Amino acid sequence: MKVQGFNHVTVNVSDLSRSLNFYTGILGLQLIHKGNTDAYLEWGSAWICLIEKPEYTELMGSVIGIDHIAFSIAEEHFEEALQVLRTHEVRIIREPVKRGVGWTVNFLDPDGIQLELHTSNLRERMSVWNNKQE
């Protein structure tokens, strides 16, 4: 598998507005997109997606924190990476899907930590919202 590097991290938060104030106001990340329950923030060549999930805390106890970690992979290596995952019987929890212009697949490491392979960057991912607004 030819993972290129870190792509993004998705974080479950209980209050999106409060978290945005922290990440943009204190840490200085740049807000790229804000939806009703999510926000995409850029720092360097990587990005953070904040997802508001207050119901998780109410229903299942505290699961606020990291939702998943994504690694960049070139689109031409994506199918080969899927085959590696399947050959090694890695548990795929979200089958490959095209999101924006890139492909993504979510799977679990041996400890149950959710990981993702992602073929696009933040600008390409945001094309989903940009196209809806035009």
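Scoring rules and cut-offs
Residues numbered from 1 in each chain as written. Predicted model: local features only at pLDDT ≥ 70, side-chain atom pairs only at ≥ 80, totals over all residues. Heavy atoms only, no water. Helix = DSSP H or I, 4+ residues; strand = E, 2+ residues; numbered from the N terminus. Buried < 20%, exposed > 50% of the residue type's maximum accessible area, 1.4 Å probe, protein only. Contact = heavy atoms within 4.5 Å. Areas by Shrake-Rupley, 256 points an atom, 1.4 Å probe, with all protein chains shown as cover. Patch = residues over 30% accessible without salt bridge, like charges linked within 9 Å, V, L, I, M, F, W, Y side chains within 5 Å. Salt bridge = Lys/Arg side-chain N within 4 Å of Asp/Glu carboxyl O. Core = buried A, V, L, I, M, F, W, Y, C linked by side-chain atoms within 4.5 Å. pLDDT = per-residue confidence, 0-100. 1 Å grid on protein atoms, 1.4 Å probe; cavity = no way out; pocket = protein on both sides within 12 Å on 5 of 7 lines; lining within 4 Å. Points joined across faces, edges and corners; volume = space filled by probe spheres on them. Nonpolar A, V, L, I, M, F, W, Y, C, P; charged D, E, K, R; others polar.

### Description of the overall build of the protein chain
Line of reasoning, step 1. Secondary structure summary: the protein chain contains 4 helices and 8 strands in total.
Line of reasoning, step 2. For the protein chain, the N- to C-terminal ordering of α and β elements is β-α-β-β-β-α-β-α-β-β-β-α.
Line of reasoning, step 3. The buried share of the protein chain, reckoned over its 134 residues, is 40%.
Line of reasoning, step 4. Look at the contacts in the protein chain between residues 6 or more apart in sequence, and 54% of them connect residues 24 or more apart.
Line of reasoning, step 5. Counting only carbon and sulfur atoms, one obtains 50% of the accessible surface of the protein chain, whose full area is about 7,700 Å².

### Comments concerning unusual backbone geometry
Line of reasoning, step 1. The backbone phi angle of glutamate 89 is positive, close to 55 degrees, even though this residue is not glycine.
Line of reasoning, step 2. Among the structural elements, glutamate 89 can be located in the loop between helix H3 (75–87) and strand S6 (92–99).
Line of reasoning, step 3. The class of glutamate 89 is exposed, set by a relative accessible area of 71%.

### Some thoughts on a nonpolar patch on the surface
Line of reasoning, step 1. Among the surface-exposed residues, Phe22, Ile26 and Leu27 lie close enough to one another that they form a single nonpolar patch of about 310 Å² accessible area.
Line of reasoning, step 2. Locating phenylalanine 22 in the fold gives a position in helix H1 (residues 16–26).

### Let's talk about the nonpolar core
Line of reasoning, step 1. Counting residues in hydrophobic clusters, the biggest one holds 11 residues: Val9, Val11, Val13, Leu16, Leu20, Tyr23, Leu29, Ala39, Leu41, Ile48 and Leu50.
Line of reasoning, step 2. If near-sequence neighbours (up to four positions away) are discounted, leucine 29 is found in contact with Tyr23, Thr24, Leu41, Glu42, Trp43 and Ile48.
Line of reasoning, step 3. Counting 10 residues, the second-largest nonpolar core is a separate cluster that includes Phe78, Leu85, Val105 and Phe107.

### Looking at the confidence of the model for the protein chain
Line of reasoning, step 1. Predicted confidence across the protein chain gives a mean pLDDT of 84, with 86% of residues reaching 70 or more.
Line of reasoning, step 2. Ranking the helices and strands of the protein chain by mean pLDDT puts strand S2 (residues 30–34) first, with 95, and helix H2 (residues 54–60) last, with 55.

### So, the layout of surface pockets
Line of reasoning, step 1. By volume, the largest pocket is sized at about 240 Å³.
Line of reasoning, step 2. Lining the largest pocket are 19 residues; nearest its centre among them are Thr10, Ile51, His68, Arg94 and Arg99.
Line of reasoning, step 3. Residue composition of the lining of the largest pocket, by class: 5 nonpolar, 7 polar and 7 charged.

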